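Observations on the model geometry
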Amino acid sequence: MSKRVALVTGGIGGLGTEICKYLARSGRRVVAADLASRAERVTEFRKEVAEFGNLIQFEPINVGDFDTCAAAIKAIEANHGAIDILVNAAGITRDTTLRKMSPQQWNDVLAINLGGVFNTCRAVVEGMIERGFGRIVNISSVNGQTGQFGQTNYSAAKAGMHGFSMALAREVARKGVTVNSVSPGYCRTAMVAAIPENVRSQIIAAIPVGRLGEPSEIARVVDFLCADESGFITGANIPVNGGYFMDF
Ligand code: CAA
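**Topic: the sheet that holds strand β2 (residues 29-34)**
Pairing is parallel in the open sheet, where seven strands are placed in the order β3-β2-β1-β4-β5-β6-β7. Pairing within the sheet leaves two strands with one partner each, and these edge strands are β3 (56-60) and β7 (237-240). Direction aside, neighbouring strands of the sheet carry axes that sit 20° apart on average. Here strand β1 (residues 5-9) runs beside β2; their pairing, made up of five bridges, is parallel.

The structure is reproduced here in structure tokens:
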């Protein structure tokens, strides 16, 4: 069988990069899609994944806009083949309390973190159904489960991803396509490094495991959900948060 093709949005980001590597190591051809405007990071990313040769390739995408996102995915499929696996890891924060939040801060986070999931899924799901196989993994957040001070926008978008994933999971369950979410806790990424030091140290103190998560600890769960053998797991959310939030 030819290698499965995986598209990872936010593919050059803190979690995305590690997800790309994991998927490539388990035999997928991976397209890391992200904003081309992050030119310096694209160059660094290419160096970081050089050992994978052409198994990991960068392509530009803006998940926040329906039409350009659809066009980018069409071009990616023309260059790399039909997408079997979609991992939505593109996400931004615009943290501030609601009383200070501008409509732009609200709209940007919703458009990218949640709108982006609609835009990418809408572009790939038809093909997955036709071919009778697909794996979609949406990277949500523990803060979509608990809410977080200063993140009404982000928590709303991340909680929305759960509802979206469960609803789409039902729609495509009989077509060989699974849709799941993974909810990372606080991990060692640039996004978490940007939290003010005093706030971050309080958060780390509240993580039962006593440390930030490693991006690879998220990536291995994504890889597991993307396996051909994971076809009976759908509509699920897998928390990976060091015990920061426990539920059953
Ligand atoms: N809980 C309760 N009260 C808090 C608080 C908290 N966590 N943080 C601040 N406050 C209080 C302040 O002490 C202040 O009180 P007073 O008005 O009595 O002085 C009040 O709330 C307002 O505080 P600020 O003016 O500082 O609020 P702000 O609008 O500037 O926002 C903030 C502060 C930027 C949101 C800051 O609290 C912050 O960065 N918090 C962390 C947010 C966070 O965890 N982001 C996660 C980013 S990583 C990520 O999202 C990845 C993932 O999925 C896990």
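**Focus on the nonpolar core**
With 29 residues, the main nonpolar core has Ile19, Val87, Ile139 and Val222 as its most contacted residues. Looking at this core, the elements that each hand over two or more residues are β1, α1 (14-25), β2, α2 (39-48), β3, β4 (85-88), β5 (134-139) and α9 (215-226). Considering each element in turn, this core owes the most residues, six residues, to α9. Among residues more than four places away in sequence, those in contact with isoleucine 139 are Leu15, Ile19, Val87, Asn88, Ala89, Lys158, Met161, Val182, Pro184 and Val222.

**Overview of the pattern of salt bridges**
Here the structure, examined in full by the defined rule, presents nine salt bridges. A salt bridge links arginine 38 to aspartate 34, with the shortest nitrogen-to-oxygen separation between them at 3.5 Å. Classification of arginine 38 as partly exposed rests on a relative accessible area of 33%. On the basis of relative accessibility, which here comes to 8%, the residue aspartate 34 falls in the buried class. Residue arginine 41 is joined to glutamate 44 by a salt bridge in which the shortest nitrogen-to-oxygen separation is 3.0 Å. Of this pair, arginine 41 and glutamate 44 both sit in helix α2, three residues apart, which is roughly one turn of that helix. Each of Arg41, Glu44 and Glu48 takes part in salt bridges that share partners, so that together they form one network.

**Observations regarding the site of the ligand**
Close to the ligand lie 20 residues, the nearest being Asp95, Ser141, Gln148, Tyr154 and Tyr186. Between the ligand and threonine 96, the relevant distance is 3.2 Å, taken from an oxygen atom to a side-chain nitrogen or oxygen of the residue. Between serine 141 and the ligand, the recorded distance is 2.6 Å, taken from a side-chain N or O atom to an oxygen atom. Protein chains shield 58% of the accessible area of the ligand, which is 1,100 Å² for the free molecule. Put simply, the parts of the chain that give the shell around the ligand at least two residues each are α7 (190-193) and α8 (197-205). When the residues that make up the shell around the ligand are grouped by side-chain class, the tally is nine nonpolar, nine polar and two charged.

**Overview of the packing of α1 against α2**
Where α1 contacts α2, the two axes come as close as 12 Å, and the packing angle between them is 30°. As the angle between them shows, α1 and α2 are arranged roughly parallel. Here the hand of the crossing between α1 and α2 comes out right-handed. The segment α1 lies against α2, with Thr17, Cys20 and Lys21 engaging Arg41, Phe45 and Glu48. Each residue belonging to the contact of α1 with α2 can be placed in one class, and the counts come to two nonpolar, one polar and three charged.

Rules behind the numbers
Each chain has its residues counted from 1, running along the sequence as written. Side-chain atom pairs in this predicted model are given and counted only at pLDDT of 80 or more, local residue features only at pLDDT of at least 70, and totals for whole chains, interfaces and linings cover all residues. Only hydrogens and water are set aside; all other atoms, that is, all heavy atoms of the structure, feed into the side-chain values. Any two strands with at least two DSSP bridges between them are considered paired. Elements are defined by DSSP. Helices are runs of H or I of four residues or more, strands are runs of E of two residues or more, and each kind is numbered from the N terminus. Geometry is summarised by axes, namely lines fitted to C-alpha atoms with helices restricted to the contacting stretch, and by angles between N-to-C directions that run from 0 to 180 degrees. Residues grouped as a nonpolar core are buried Ala, Val, Leu, Ile, Met, Phe, Trp, Tyr and Cys residues, joined through side-chain atoms within 4.5 Å. Buried means the residue's accessible area, taken with a 1.4 Å probe over protein chains only, is under 20% of the maximum for its type, while exposed means over 50%, and partly exposed covers the values in between. Contact criterion: two residues are considered in contact whenever any of their non-hydrogen atoms come within 4.5 Å of each other. Salt-bridge detection follows one rule: a side-chain nitrogen of Lys or Arg within 4 Å of a carboxyl oxygen of Asp or Glu. Note on terminology: near, applied to a residue and a molecule or strand, indicates that one of the residue's heavy atoms is within 4 Å of it. The definition of a polar contact used here is a pair of N or O atoms within 3.5 Å, where within protein one atom must be able to donate a hydrogen and the other to accept one, and adjacent residues in sequence count solely through side-chain atom pairs. With residues, only the protein chains shown are counted as cover, and all accessible areas are computed by Shrake-Rupley using a 1.4 Å probe. Gly falls in the polar group here, along with every residue not listed as nonpolar (Ala, Val, Leu, Ile, Met, Phe, Trp, Tyr, Cys, Pro) or charged (Asp, Glu, Lys, Arg). Note on angle classes: values under 35 degrees are labelled roughly parallel, values over 145 roughly antiparallel, values of 65 to 115 roughly perpendicular, and the remainder oblique. Handedness of a crossing follows from how the near helix is turned relative to the far one, being left-handed for an anticlockwise turn of less than a right angle and right-handed for a clockwise one.

Taken by themselves, the reported measurements are silent on function.
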